[in-house]
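A structural walkthrough
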Amino acid sequence: MAERTDSGVSTTAKAAGVSWWAWGRPGCWARGRVIAGFALLTALLIAFPRVLPNRPGHLGSLLEAFLPWLGLAAVPLLALALLRRSATALLSLLVPVAAWAYAFGGLFLAAPEPGERDLVVVQHNVSDVNTDPAGTARTLAGAGPDLIALEELVPAALPAYEKALAPDFRFHEVRGTVGIWSKHPLSGTRVVDIKPKEITEGWSRGLRTVLHTPYGEVAAYVAHLPSIRVGASGFASSWRDESAHLLGRAVAAETVGRVIVLGDLNGTVDDRGLSPLTSQLNASERGFAFSFPASFPLARIDQVMARSATVGRMHTLTATGSDHLPVTARVTLS
């Protein structure tokens, strides 16, 4: 039972009154300036991630790889602001929330209605240790795509993919460890050399072909850029960046007007290391479609991008025997 003071006001009520009154005191605006500073810094990095230098250790690329998750920093900052009873800190938290909503809120919007000039595409790194290639192929075909791009195709598993996909996809091409399956005829298929100079062994991870659709020709590129690593020295992405530059140069030289690029690019569309591609192609503005790792997806490193075409909402498909999730999107041809 609460004790009463001489004035007849319970100590519990008095404590509550002091607690609420403390928010209105001048000190609540003076406290929490460090918390407010961190909130504003978070907002700055969300809105303008390239203010963080990429040297040393490609820290800028590391931030951009997980940029949507930076919004979670607002949660501990909110707890600290409440603990400090800081009105300044609380108000400052509106800034990173607004920055995140501006940068990523559009990804939650509904996709446009399907159009008659749409191509449904599926992109998947099937994994070179996938023990169920036939089941993986059936999952991908079940999405009803016009086009499927695959990476990490190993010789032992290739016949299983060819057999499972043959009923629905009359045309396919494989170069090295990447391949494409299509319901529309393909021509002019060739290897695209995206191998970094320091790799001396056999390495073929890029192809280009022309897709002959009822709406005209489309140049399709399938690529698997080198993996990145996070270690004590930072974000090791030099080989990936070099490969992205080579692929970007090939796309820039493409004479067919409409282009679709599909692949495991080992980077998000926010990552500055992929700017040789993202600077000349458009990506989906709807859907997060985090694809890696399949067990707990943190980032979308499997991409569908296009030139003179619009990439619609991206989403993931059911998990397969790979460590990546398949992604799919509608590409509307201009």
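Our structure is the block above this text.
Right, let's walk through the structure included here.

Conventions we followed
- Residues numbered from 1 in each chain as written.
- Predicted model: local features only at pLDDT ≥ 70, side-chain atom pairs only at ≥ 80, totals over all residues.
- Heavy atoms only, no water.
- Helix = DSSP H or I, 4+ residues; strand = E, 2+ residues; numbered from the N terminus.
- Buried < 20%, exposed > 50% of the residue type's maximum accessible area, 1.4 Å probe, protein only.
- Contact = heavy atoms within 4.5 Å.
- Pairing = 2+ DSSP bridges.
- Core = buried A, V, L, I, M, F, W, Y, C linked by side-chain atoms within 4.5 Å.
- Salt bridge = Lys/Arg side-chain N within 4 Å of Asp/Glu carboxyl O.
- Expected span 1.5 Å × (residues − 1).
- Polar contact = N/O pair within 3.5 Å; in protein donor to acceptor, adjacent residues only side chain to side chain.
- Arc of directions from axis to C-beta.

This brings us to the environment of Ala39. With respect to the element layout, Ala39 can be found in helix H3 (residues 33-47). Relative accessible area serves as the criterion here: at 0%, Ala39 is assigned to the buried category. Note: C-alpha distance between Ala39 and Ala74 (35 residues apart in sequence) is 7.1 Å. Residues within four places of Ala39 in sequence aside, it is in contact with Leu77, Ser92, Leu93 and Pro96.

Either a parallel or an antiparallel arrangement is found when strands of a sheet pair, and the pairing is made through backbone hydrogen bonds. The strand order S5-S6-S7-S10-S12-S11 describes an open sheet built from six strands, whose pairing is mixed. The strands lining the two open edges of the sheet, one partner per strand, are strand S5 (186-191) and strand S11 (282-283). Direction of pairing for strand S7 (residues 216-224) relative to strand S10 (residues 259-264): parallel, over a ladder of six bridges. Paired with Ala220 across the two strands is Ile260, which belongs to S10.

Right, let's talk about the nonpolar core for a bit. The biggest cluster of nonpolar side chains holds 24 residues, and the ones touching the most others in it are Val304 and Val331. Not counting chain neighbours up to four residues away, the residues in contact with Val304 comprise Val121, Gln123, Ile260, Val261, Leu262, Asn282, Ala283, Ser284, Val311, Met314 and Val331. Judged by nonpolar contacts, the second largest core, of 22 residues, contains Leu225, Leu274, Leu277 and Met305.

All told, the structure shown has seven salt bridges when counted by the stated rule. Measuring nitrogen to oxygen at the nearest pair gives 3.8 Å for the salt bridge that ties Asp118 to Arg330. Of the two residues, Asp118 is situated in strand S1 (residues 118-125) and Arg330 in strand S15 (residues 327-333); the sequence distance between them amounts to 212 residues. Given the relative accessible area of 11%, Asp118 is considered buried. Of the residues examined, Arg330 reaches a relative accessible area of 36% and is grouped as partly exposed. Taking the shortest distance from any N to any O, the salt bridge between Arg240 and Asp271 comes out at 3.0 Å. Taken together, the positions of Arg240 in helix H10 (residues 238-252) and Asp271 in the loop between S10 and helix H11 (275-278) put the pair 31 residues apart, joining distant regions of the chain. Under the relative-accessibility criterion, Asp271 is labelled buried at 0%.

Taking 1.5 Å of rise per residue, the 15 residues of H10 would be expected to cover 21 Å, and the 21 Å separating its terminal C-alpha atoms lies within 8% of that figure. What H10 keeps buried is the set Arg240, Asp241, Ser243, Ala244, Leu246, Leu247, Gly248, Ala250 and Val251.

Turning to the side chain of Ser284, a few remarks are in order. The topology assignment puts Ser284 in the loop between S11 and strand S12 (302-307). At a separation of 2.8 Å, a polar atom in the side chain of Ser284 contacts the main-chain carbonyl oxygen of Arg286. Within the structure, the side chain of Ser284 is placed 2.8 Å from the backbone oxygen of Gly312, a separation counted as a polar contact. Once you skip the residues sitting within four places of it in the chain, Ser284 turns out to touch Arg300, Val304, Val311, Gly312, Arg313 and Met314.

A word on helix H9 (residues 158-165). Among the residues of H9, those classed as buried are Leu158, Tyr161 and Leu165. Viewed along the axis of H9, the buried residues span an arc of 65°, placing them on a single side of the element. In the core, the buried residues of H9 are packed alongside helix H8 (133-141), strand S2 (147-151), strand S3 (171-175) and strand S4 (178-182).

Before going further, it helps to spend a moment on unusual backbone geometry. Here the bond from Arg55 into Pro56 is cis, since omega is 0°, no more than 30 degrees from zero. The residue Pro56 is located in the loop between H3 and helix H4 (59-65) in this model. Here the amide bond leading from Phe292 into Pro293 is cis, since omega sits at -10°, within 30 degrees of zero. Backbone geometry at Ser127 places phi at a positive 75°, although glycine is not the residue there. Secondary-structure assignment places Ser127 in the loop between S1 and H8. By relative accessible area, which is 6% here, Ser127 ends up buried. Of note, the phi angle at Ala289 is positive, near 50°, even though the residue is not glycine. Counting through the fold element by element, Ala289 comes out in the loop between S11 and S12. For Ala289, a relative accessible area of 9% corresponds to the buried category.

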